[in-house]
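# Coordinate inspection notes
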Amino acid sequence: METIISMTFDDNNHFFDQDDLIRMGIRKVGKNVRIHSSCIVVGIENISIGDNVRIDGFNSIIAAGGYLNLGSHIHIASHCYIGASAGVTMEDFSGLAYGIKIHSGSDDYSGEYLTNSTIPSKYKNCKSGPVHLGRHVIIGSNTVILPDVDIPIGCSVGALSMVTKNLDPWGVYCGCPVRRLKDRSQKLLEIRSEEHTS
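Residues numbered from 1 in each chain as written. Predicted model: local features only at pLDDT ≥ 70, side-chain atom pairs only at ≥ 80, totals over all residues. Heavy atoms only, no water.

### Remarks on the pattern of salt bridges
Put simply, the test is: Here, a salt bridge means any Lys or Arg side-chain nitrogen found within 4 Å of an Asp or Glu carboxyl oxygen. Going along the chain from the N terminus, every DSSP run of H or I of four or more residues is numbered as a helix, and every run of E of two or more is numbered as a strand.
For the coordinates displayed, the defined rule picks out five salt bridges. Note that D92 is salt-bridged to R135, the shortest N-O span being 2.8 Å. One end of the pair, D92, is in the loop between β12 (88-90) and β13 (95-96); the other, R135, is in the loop between β17 (131-133) and β18 (138-139), with 43 residues separating them in the sequence.

### Let's talk about the packing of aromatic side chains
When we look at a pair of aromatic rings, we describe it by the centre distance and by the angle of the planes. Inclusion rule: Each aromatic pair joins two rings of Phe, Tyr and Trp (for Trp, the six-membered one) with centres within 6.5 Å, and gets the label stacked for planes under 30 degrees apart, edge-to-face for over 60, and tilted for any other angle. In this scheme, the term charge over a ring applies when either NZ of a lysine or CZ of an arginine sits within 6 Å of the ring centre and within 35 degrees of the ring normal.
Taken as a whole and judged by the stated rule, the model has zero aromatic pairs. Over the ring of F15 we find R34, and its NZ or CZ is 4.1 Å from the ring centre.

### A few points about unusual backbone geometry
For the record, the criterion: Each residue's exposure class comes from its accessible area (1.4 Å probe, protein chains only) as a fraction of the maximum for that residue type: buried when under 20%, exposed when over 50%, partly exposed otherwise.
Residues C176 and P177 are joined by a peptide bond in cis, for which omega reads 0°. As for its placement among the helices and strands, P177 is situated in the loop between β23 (171-175) and β24 (178-183). Non-glycine residue N116 carries a positive phi angle of around 100°. The topology assignment puts N116 in the loop between β15 (105-106) and β16 (127-128). The phi angle at L160 is positive, at roughly 60°, despite the residue not being glycine. If you trace the backbone, L160 turns up in the loop between β21 (156-157) and β22 (162-163). Relative accessible area serves as the criterion here: at 63%, L160 is assigned to the exposed category.

### Structural notes on the sheet that holds β21
Short version of the rule: A strand pair is defined by DSSP finding two or more bridges across the two strands.
Read across the open sheet, the nine strands follow the order β2-β4-β7-β10-β13-β18-β21-β23-β24; overall the sheet is mixed. In the strand order of this sheet, the two ends are held by β2 (15-16) and β24, each with one partner. Across two bridges, strand β10 (residues 74-76) lies against β13 in parallel orientation. Along β13, the bridge assignment pairs I76 with L96.

### Observations regarding the environment of I82
This is how the line gets drawn: Contacts are residue-level and defined by heavy atoms, with any inter-residue pair within 4.5 Å sufficient.
Structurally, I82 is set in strand β11 (residues 81-83). I82 gets classed as buried once you look at its relative accessible area, which sits at 1%. Considering only alpha carbons, one finds I82 and I62, 20 residues apart in sequence, at a separation of 6.2 Å. Not counting chain neighbours up to four residues away, the residues in contact with I82 comprise S60, I61, I62, L68, I76, V88, L96 and I102.

### Focus on the side chain of S161
Put simply, the rule reads: Two N or O atoms form a polar contact when they lie within 3.5 Å of each other; inside protein one atom must be a possible hydrogen donor and the other a possible acceptor, and for residues adjacent in sequence the pair counts only when both atoms belong to side chains.
In this fold, S161 is placed in the loop between β21 and β22. Engagement of the side chain of S161 in a polar contact is seen with the backbone nitrogen of G175, the distance being 3.0 Å. If we ignore the near neighbours within four places in the chain, the residues touching S161 are N142, T143, V144, C174, G175 and V178.

### Side note on the state of the cysteines
Formally: Note that a disulfide, as used here, is simply two cysteine sulfur atoms within 2.5 Å.
In the structure shown here, the tally under the stated rule is zero disulfides. The thiol sulfur of C80 is not disulfide-bonded, and the nearest other cysteine sulfur, from C39, lies at 9.4 Å. Owing to a relative accessible area of 3%, C80 belongs among the buried residues under this scheme. The cysteine C176 is free of any disulfide, with C174 supplying the nearest cysteine sulfur at 9.8 Å.

### What about the sheet that holds strand β6 (residues 47-49)?
What the six strands build is an open sheet, ordered β3-β6-β9-β12-β17-β20; its pairing is parallel. Looking at which strands have only one partner, the edges of the open sheet turn out to be β3 (28-29) and β20 (149-151). Pairing of strand β9 (residues 68-70) with β12, which is carried by three bridges, proceeds in the parallel orientation. Residue pairing in the sheet places L68 in a bridge with V88 of β12.

### Let's talk about the pairing of β23
Sheet analysis places β21 next to β23, joined by two bridges and oriented parallel. Following the sheet pairing, V157 is matched in β23 by Y173. Both β23 and β24 contribute to a ladder of five bridges, which runs antiparallel. Within the sheet, the bridge partner assigned to G171 lies in β24 and is D183. Here β23 folds back onto β24, and the loop between the two strands holds two residues.

Set out below in structure tokens:
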């Protein structure tokens, strides 16, 4: 049975830390991890988090039956939804702006099948597949990411976009559905290298 944690808040600045998350039964957690107490987390035992990760308030993370793997140096802004029933991975230095929706599972909207979670599986045609965000990926506000998508290293996706297919590395993308606008600068790799050598 999956663990459901409704992290109620009595203080707008209250974050759960590494010790709190270990007590709650998280699979793995690194150092300097903070999850705001207003978040709803289902399936915390299926969640692994690296170092230096902050998850702001009013997020819903559903990892029941799947997994959520977060690398290090990740920020997830408020009001995001991460549906990780088929798996979601965010690699190091990736981030989500406000209101992102990540779906690793979705109903068939064609009208050929019934939809929603109250319907027996034999009458549905759900699409599911893991969602992967590579290193240095940044996703703009209110973007929707659909199942079975790879957003590889260095991609930037603009606000209000919809990602329905795999992207190519180091691109700036925007739109519904997204299209590549231009190459993204890789200067951030020099900055990161400089930071780790100083």
